[in-house]
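# Commentary on secondary and tertiary structure
Each chain, letter by letter, is given below.
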Amino acid sequence: MLTAAKLILHSHNKATEMGCLASTGILTLKPGSTNTVPGFVQFSLDIRSKEDALLMKLETALKEEFAKIASGEDVGGLNTLGTKGRGCTVDWQLDTDSPATKFNEDCIKCVEQSAKDMLGTNASPQVQRMTSGAGHDRYMIS
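Predicted model, so just to flag it, every value in this text is computed and none were measured. (Residues numbered from 1 in each chain as written. Predicted model: local features only at pLDDT ≥ 70, side-chain atom pairs only at ≥ 80, totals over all residues. Heavy atoms only, no water.)

## Side note on the packing of aromatic side chains
To be explicit about the condition: Aromatic rings from Phe, Tyr and Trp, with only the six-membered ring used for Trp, were paired whenever their centres fell within 6.5 Å, and each pair was classed as stacked if the ring planes differed by under 30 degrees, edge-to-face if by over 60, and tilted otherwise. Here, a charge over a ring is recorded when the distance from Lys NZ or Arg CZ to the ring centre is within 6 Å and its angle to the ring normal is within 35 degrees.
In the structure shown here, the tally under the stated rule is one aromatic pair. Directly above the ring of Trp92 sits Lys63, whose terminal nitrogen or CZ lies 5.6 Å from the centroid.

## Some remarks on the packing of helix α1 (residues 2–17) against helix α2 (residues 52–71)
The test is simple: In this analysis an axis means a line fitted to C-alpha atoms, helices contributing only their contacting stretch, and an angle means the value between N-to-C directions, from 0 to 180 degrees. Only DSSP runs of H or I with at least four residues qualify as helices, and only runs of E with at least two residues qualify as strands; both kinds are numbered from the N terminus onward. Angles below 35 degrees are treated as roughly parallel, those above 145 as roughly antiparallel, those between 65 and 115 as roughly perpendicular, and all remaining angles as oblique. Take the far helix as your reference; a near helix turned counterclockwise from it by less than a right angle gives a left-handed crossing, and one turned clockwise gives a right-handed crossing. In this description, contact between two residues means that some pair of their heavy atoms is separated by no more than 4.5 Å.
The interhelical angle for the contact between α1 and α2, taken along N-to-C directions, is 150 degrees, at an axis separation of 10 Å. Here α2 runs roughly antiparallel to α1, going by the angle between their axes. Crossing of α1 against α2: the hand is right-handed. Residues Thr3, Lys6, Leu7, His10, Ser11, Lys14 and Ala15 of α1 lie in contact with α2, whose contacting residues are Leu58, Ala61, Leu62, Glu65, Phe66, Ile69 and Ala70.

## Observations concerning the environment of Ala15
The topology assignment puts Ala15 in helix α1. When the C-alpha atoms of Ala15 and Lys63 are compared, they prove to be 13 Å apart, with 48 residues separating the residues in sequence. The contact partners of Ala15, leaving out residues within four places of it in the chain, are Cys20, Leu21, Ala22 and Leu58.

## Re the nonpolar core
One broad rule of soluble globular proteins: the nonpolar side chains tend to lie buried together. Note the cut-off: Among buried residues, the Ala, Val, Leu, Ile, Met, Phe, Trp, Tyr and Cys ones that are joined through side-chain atoms within 4.5 Å form a nonpolar core. Exposed residues in this analysis have more than 50% of their type's maximum accessible area, buried residues have under 20%, and partly exposed residues fall in between, with area computed by a 1.4 Å probe over protein chains only.
Of all hydrophobic cores here, the largest spans 18 residues; its most connected members are Phe43, Leu45, Ile47, Leu58, Leu62 and Phe66. Breaking this core down by element, the ones donating at least two residues are α1, β2 (40–48) and α2. At five residues, α2 tops the list of elements feeding residues into this core.

## What to know about α1
Our working rule: What a helix is expected to span follows from its residue count: subtract one and scale by 1.5 Å.
Over its 16 residues, α1 runs 22 Å from end to end, which matches the ideal 22 Å to within 8%, given 1.5 Å per residue. Within α1, the full set of buried residues consists of Thr3, Ala4, Lys6, Leu7, Ile8, His10, Ser11, Lys14 and Ala15. Of the surrounding elements, those touching the buried residues of α1 are β1 (21–30), β2 and α2. Of the residues flanking the end of α1, it is Gly19, one or two places downstream, whose phi is positive at about 75 degrees.

## With respect to unusual backbone geometry
Of note, the bond from Lys30 into Pro31 is cis; its omega dihedral lies within 30 degrees of zero at -5 degrees. The residue Pro31 is located in the loop between β1 and β2 in this model. If you check the backbone angles, Asn35 has positive phi at about 60 degrees while not being a glycine. Within the secondary structure layout, Asn35 lies in the loop between β1 and β2. What makes Asn35 exposed here is its relative accessible area of 82%.

Structure below.
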């Protein structure tokens, strides 16, 4: 589980570094009993970007760096401290491939202006663009 936690943390840090998003969903640990170190961990990873090319760069980087972390190499300081594990293997399975949807910039500006008009003088810190379901891929990592 320790290595899986490092992979999850690294995926979130790497996505942020590249201007993307990563979120972890379903975690499956076997055996799933109290005070037992799991021999198998599987988790879903949803990575998102406004640009398909950037999403592919993130995927490639994560695959390469996950393999290094799993083998015990230090990536981003994740393997410098703490208990050293035995290492593990990493397998990827693409569940969903959803290319980025491009919205009309005039429509986006209209929604932003409407939100600012509704919120009044303090709107600026409350209105921001976000990356949502458009342009994301979900993987099962085990």
